[in-house]
Amino acid sequence: MKRFTSIHSFRADFTASLVVFLVAVPLCVGVAVASGVPAELGLVTGVVGGLLTGLLPGSSLQVSGPAAGLTVLVFEAVKEYGLGALGALVLAAGVLQLAMGALKLGRWFRAISVAVVQGMLAGIGLVLIAGQLYALTDAKAPGTGLSNLAGLPGLVGDTMGSGTALAAFAIGAGTIAILVLWPRWRRAARILPAPLAAVALSTLTVWALDLPVARVEVSGLFDAIQPPGLGDFGKLADVGVLGTVLAFALIASAESLFSAAAVDRLHDGPRTDYDKELMAQGAGNTVCGLLGALPMTAVIVRSAANVQAGAKTKLSRVLHGVWLLVFAAAFPAALGVVPVAALAGVLVHAGWKLIPVRALGPLWREHRGEALVLMVTALAIVTVNMFEGVLIGLLLAVAKTAWETSHVHLEIHTPDDEEEPVQVRAVGNATFLRLPKLLDQLETLPADRDVELDLSGLRHLDHACGAALTNWAEQHRRSRRTVELVS
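Residues numbered from 1 in each chain as written. Predicted model: local features only at pLDDT ≥ 70, side-chain atom pairs only at ≥ 80, totals over all residues. Heavy atoms only, no water.

Caption draft 1: Broad picture of the packing of aromatic side chains. Evaluation of the coordinates by the stated rule reveals four aromatic pairs. With centroids separated by 5.8 Å and ring planes inclined at 85°, the aromatic side chains of Phe14 and Trp323 adopt a geometry described as edge-to-face. Linking Phe14 in helix α1 (residues 2-34) with Trp323 in helix α16 (residues 315-330), this pair joins segments that are 309 residues apart in sequence. An aromatic cluster of at least three residues, connected via ring pairs, comprises Phe10, Phe14 and Trp323. (Phe/Tyr/Trp six-rings, centres within 6.5 Å; stacked < 30°, edge-to-face > 60°. Helix = DSSP H or I, 4+ residues; strand = E, 2+ residues; numbered from the N terminus.)

Caption draft 2: Inspection of helix α19 (residues 368-383) at higher detail. The end-to-end C-alpha distance of α19, which contains 16 residues, comes to 22 Å, matching closely the 22 Å that a straight helix rising 1.5 Å per residue would cover. Within the sequence span of α19, burial applies to Ala371, Val373, Leu374, Thr377, Ala378, Ala380, Ile381 and Val382. (Expected span 1.5 Å × (residues − 1). Buried < 20%, exposed > 50% of the residue type's maximum accessible area, 1.4 Å probe, protein only.)

Caption draft 3: Fine view of the side chain of Ser303. Structurally, Ser303 can be placed in helix α15 (residues 300-308). For Ser303, the contacting residues outside a window of four places in its chain are Leu61, Gln62, Val63, Ser259 and Val263. (Contact = heavy atoms within 4.5 Å.)

Caption draft 4: Molecular detail of the environment of His460. Turning to its location among the elements, His460 is positioned in strand β6 (residues 458-461). On the basis of relative accessible area, His460 is assigned to the partly exposed category, the value being 40%. Setting aside chain neighbours within four positions, we find His460 in contact with Gly428, Asn429, Ala430 and Thr431.

Caption draft 5: Molecular detail of the environment of Phe222. By the element assignment, Phe222 lies in helix α11 (residues 221-224). For the pair Phe222 and Leu291, spaced 69 residues apart in sequence, the C-alpha separation works out to 9.8 Å.

Caption draft 6: A look at the pattern of salt bridges. Throughout the structure, instances matching the rule amount to three salt bridges. The salt bridge involving Glu370 is made with Lys400; its shortest N-O contact spans 2.7 Å. With Glu370 in helix α19 and Lys400 in helix α20 (residues 386-405), the pair connects residues that are 30 residues apart, well separated along the chain. Of the charged contacts in the structure, one is a salt bridge between Arg425 and Glu411, with a shortest N-O distance of 3.9 Å. Note that Arg425 is positioned in strand β4 (residues 422-430) and Glu411 in strand β3 (residues 408-413), a separation of 14 residues in sequence. Salt bridges here are not isolated pairs; linked through shared partners, they connect Glu411, Arg425 and Asp454. (Salt bridge = Lys/Arg side-chain N within 4 Å of Asp/Glu carboxyl O.)

Caption draft 7: Seen up close, a nonpolar patch on the surface. On the surface, Phe10, Phe14 and Leu18 cluster together into a nonpolar patch covering about 260 Å² of accessible area. You can see Leu18 is positioned in helix α1. A residue is classified by how much of its surface remains accessible, and Leu18, at 34% relative accessible area, is partly exposed. (Patch = residues over 30% accessible without salt bridge, like charges linked within 9 Å, V, L, I, M, F, W, Y side chains within 5 Å. Areas by Shrake-Rupley, 256 points an atom, 1.4 Å probe, with all protein chains shown as cover.)

Caption draft 8: Fine view of the nonpolar core. By size, the foremost hydrophobic cluster in this structure holds 82 residues, and its most contacted members are Leu86, Leu89 and Phe248. Of all the elements, α1 adds the most residues to this core, at ten residues. (Core = buried A, V, L, I, M, F, W, Y, C linked by side-chain atoms within 4.5 Å.)

Caption draft 9: View of helix α5 (residues 114-135). Taking 1.5 Å of rise per residue, 22 residues should cover 32 Å, and α5 covers 31 Å from first to last C-alpha, within 8% of that figure. Burial within α5 is extensive, with 17 of its 22 residues counted as buried.

Caption draft 10: Examining the confidence of the model for the protein chain more closely. Looking at the protein chain as a whole, the pLDDT averages 82, with 95% of positions reaching at least 70. Confidence, read as mean pLDDT per element, is least for strand β7 (residues 483-486) in the protein chain (66) and greatest for helix α14 (residues 274-290) (93). Contacts of residues 1-5 to residues separated by more than four positions or lying in other chains number zero contacts, the stretch itself having pLDDT below 50. (pLDDT = per-residue confidence, 0-100.)

Caption draft 11: Spotlight on the packing of helix α2 (residues 39-53) against α14. Relative orientation of the contacting elements α2 and α14 amounts to 135°, with a least axis distance of 9 Å. Here α2 is positioned oblique relative to α14, judged by the angle of their axes. The two elements α2 and α14 cross, and the hand of that crossing is right-handed. Contacts from Thr45, Val48, Leu52 and Thr53 of α2 reach α14 at Ala280, Gln281, Ala283, Gly284, Val287 and Cys288. Partitioning the contact of α2 with α14 into residue classes produces six nonpolar, four polar and no charged. (Axes fitted to C-alpha atoms, helices over the stretch in contact; angles between N-to-C directions. Parallel < 35°, antiparallel > 145°, perpendicular 65-115°, else oblique. Left-handed = near helix turned anticlockwise from the far one by under 90°. Nonpolar A, V, L, I, M, F, W, Y, C, P; charged D, E, K, R; others polar.)

Caption draft 12: The pairing of β4, seen in detail. Summarising burial for β4: seven of the nine residues are buried, a large majority. As judged from the four bridges shared by β4 and strand β5 (residues 451-454), these two strands associate in the parallel manner. If you follow Arg425 over to β5, its bridge partner there is Asp454. Note that the unit made of β4, helix α21 (residues 435-443) and β5 has a crossover that is right-handed. As paired elements, β4 and β6 share three bridges and run parallel to each other. Looking at β6, one finds that Gly428 is bridged to Leu458. (Pairing = 2+ DSSP bridges. Right-handed = clockwise from strand over helix to strand, strands pointing away.)

Caption draft 13: Representation of the state of the cysteines. As enumerated under the stated definition, the model contains zero disulfides in all. For the unlinked cysteine Cys288, the closest cysteine sulfur is that of Cys28, found at 10 Å. (Disulfide = S-S within 2.5 Å.)

Caption draft 14: Seen up close, the packing of α5 against α19. Interhelical geometry of α5 versus α19 gives an angle of 35° and a closest axis separation of 7 Å. Two packed elements cross with a definite hand, and for α5 against α19 that hand is right-handed. Along its contact with α5, which presents Ala115, Val116, Gln118, Gly119, Met120, Ala122, Gly123, Ile124, Leu126 and Val127, the element α19 presents Glu370, Val373, Leu374, Thr377, Ala378, Ile381 and Val382. A breakdown of the residues in the contact of α5 with α19 according to their chemical character gives twelve nonpolar, four polar and one charged.

Caption draft 15: Summary view of unusual backbone geometry. Phi angles above zero are rare outside glycine, and Lys104 is one such case at about 60°. Looking at the secondary structure, you find Lys104 in the loop between α4 (83-102) and α5.

Structure below.
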């Protein structure tokens, strides 16, 4: 019986690995191209994610590789510091992840506001779409999120006046259409994943019609690997570089651990050990850095495909890494026929899926503060940059939580007998955020009567409120009235 179960698990894992491999190929290549690095480096990260991270303990079924969520940050880092420095950045981020895992900090990532994470992904999606709209027409994007958005009207005019740009746009738009419609053809979707079907059909169309559109440039897997040099590691002393490393580590860790939580809800197998998973991601990024490849995260698209394909153990994700390695080493020329516009279509579709369009309406109606945090985080990422945008979102989430938890009100009882003191009982959390409201209520008390102020109902009284209440009591006593503080 045990042997039958093992054979059954192997068959399920083998089949699932092929499905994940087919999903991973266009995503690995597309993320690399969008990041401004050779296409092969995306495959290298996918291979490391399968063969190394796939073997390590943590989460049993989620799959790691290059992710669209880090595309914008990688593009900016390569543009600012050069391709050679990318390996040093990724390696340093991996070491930081290893340290965080060793210090048992993995579970704390679950404390990050969901609105901030959704806003981060929405901002990434918007910037990704804005940049890839240029690639849809074989044009070069201006660079930053705002400049990309500002240049879209000009892009439309340039595209309408160019037959080559229109041909590329038709391929990209067709790719997006296939990605949207293919899953509805359930029979075909079970055999061929939508991303592979879309890229394959687009490539076939370009070949059949001999369209003059840009193709992916290929140099060979091992030729693309460029380990960082001593000069690249020297750049880590720069404060700006350290900020990028921190952004890599935190965003990759948050995305991986949130993905793990989502994947755990999809299956009934072993639950994720967050600290071990963080160390597995750190080990993978350390090796990716040594190879000069893209940073990795756990990717929900591939992970969900793995679970839905019936994977039972981590063997499926390891085998997917084997297939990626065989493909990249034996058939690199196959990438050279893929149109760039098709990969841009895949990433535009992926970027759109990062934006929680359907969830935003109900969130605004039920939790307006959370919706505001989400939108501000996304807007900050688009207008400023990834790292500072996330920090703005986190600070706003903390401020919102502090405001919501600092509710305080006064229960006032005024006896008919003017000789008896007015009884005031403070209830809730008295913080400086609610101090103006608290003092306004106290100022409405009769100035010619004694007051008994009961503070025993407060769960929290910060220093600012305590000092303000003491000052108010002193002022009231100067008017020759008694104020009794009860704590």
